[in-house]
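One-letter residues, chain by chain:
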Amino acid sequence: MNELYRAIEGRKDLKGKMKLIGIGTGNSDFEVGFFRKKYEVPFPLFSDEDYSIHKAIGEVRTPYFIGVRLKGDGSAEVFYSKLGGFENANKFLDSMVKLSGL
Amino acid sequence: MAIKKHISLMWMLGLLVIFIWTPAVSGQSTDFKENIYPVEKLKPTDSVLKVKVGDLAPDFTLPAVRGGEMTLSHYRGKKNVVISFVPAAWTPVCSDQWPGYNIAQEFFVQNNTILLGITVDNIPTLYAWTNQMCMGGGELWFPVLSDFYPHGAVAEKYGVLRSDGVSERALFVIDKKGIIRYIDVHDINERPRLEVLVGELQKLEK
């Protein structure tokens, strides 16, 4: 995930246009903070201690990725929603950019 | 025309566990594939404690997944001990809890504490389950012990054997003198928070 963050930040065409956040399902602030420090996670992580986000999304298994397109009118559109990690951060990023229509 | 401002990606972590869990390893994690047995909400606790804070922890010897046997009193005068009883292998919450302790090893080391994980499952079951926990690499740093035969005898000795034959989700913090300093017979449906245990470890003499 850190590699994906660096891939996003390293692309000038995505500067300010794409952000990465993480959500720790069932984890407390302490647990997420410990995880962030231990693995030197450079992007924002949030705790979902009571699983409320997890439930809202559909109690998916992890790792799970959701790509959301935020529109100018304040609405948001999901363009990617899939279970499973990735082998190559740059290839994954390329596919996300393509799917998003950015 | 739609204005494309931002695209946010939400990455759902395991954990971490905390776990975290490696945090990507949890009962919800794809690392366990489809092998986690779904469990309905259970009665939060279903046993009567037979020990209390301030008691000398009852001694026991149990077989370990890595081979050989472990005896609690072996650590007396050397290390503080946390005993983590979890109800059963291949169930949702249990499959989150120990991976979390696995990544949180430094909290135990900093407080001169060994963790002993215990379930009433047999050794082959625990072998497969703990191997699956570590599919991402490495292995559990703490011993996992089987309280299978005589069935649940150690859980029974501590008063955390439930009426259906599994143990409670219970934590016992034992100091270097063998005295119980903290007990948490937790709601079986929920994972104990790491920060609470860490707080108890920090109270111990190193």
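Before any of the text, the structure's been laid out above.
Given the structure is predicted, the values throughout are model-derived calculations rather than measurements.

A. Examining the pairing of strand β4 (residues 76–83) of chain A more closely. Residue and element names in this part refer to chain A. Buried residues are scarce in β4, accounting for zero of its eight residues. Two strands pair when backbone bridges link them, and strand β3 (residues 64–70) and β4 are joined in this way by seven bridges, in the antiparallel orientation. Counterpart to L70 in the pairing with β4 is A76. Adjacent in sequence and paired antiparallel, β3 and β4 are bridged by five residues, among which G74 carries a positive phi angle near 90°.

B. How the structure looks around the packing of helix α1 (residues 2–9) of chain A against helix α4 (residues 89–100) of chain A. All names here are of chain A. For the pair α1 and α4, the least separation of the axes is 9 Å and the interaxial angle reads 55°. Classified by the angle between their axes, α1 and α4 sit oblique to one another. When the axes of α1 and α4 are compared, the crossing they make is right-handed. Two secondary-structure elements touch here, α1 through E3, L4, A7 and I8 and α4 through A89, N90, F92 and L93. For the contact of α1 with α4, the residue count by class is six nonpolar, one polar and one charged.

C. Looking closely at the nonpolar core. In this structure, B:I83 and B:F172 are the most contacted members of the largest nonpolar core, which totals 47 residues. Looking at which element gives the most residues to this core, the answer is strand β8 (residues 169–174) of chain B, with five residues. If sequence neighbours within four positions are ignored, B:F172 has contacts with B:A57, B:I83, B:Y158, B:I180 and B:I183. The next biggest cluster of nonpolar side chains, apart from the first, holds seven residues, and it includes A:I8, A:M18, A:L20 and A:M96.

Definitions and cut-offs
- Residues numbered from 1 in each chain as written.
- Chains lettered and ligands numbered in written order.
- Predicted model: local features only at pLDDT ≥ 70, side-chain atom pairs only at ≥ 80, totals over all residues.
- Buried ≥ 20, exposed ≤ 12 C-beta atoms within 10 Å, placed from the backbone.
- Helix = DSSP H or I, 4+ residues; strand = E, 2+ residues; numbered from the N terminus.
- Pairing = 2+ DSSP bridges.
- Axes fitted to C-alpha atoms, helices over the stretch in contact; angles between N-to-C directions.
- Parallel < 35°, antiparallel > 145°, perpendicular 65-115°, else oblique.
- Left-handed = near helix turned anticlockwise from the far one by under 90°.
- Contact = placed C-beta atoms within 7 Å.
- Nonpolar A, V, L, I, M, F, W, Y, C, P; charged D, E, K, R; others polar.
- Core = buried A, V, L, I, M, F, W, Y, C linked by C-beta atoms within 7 Å.

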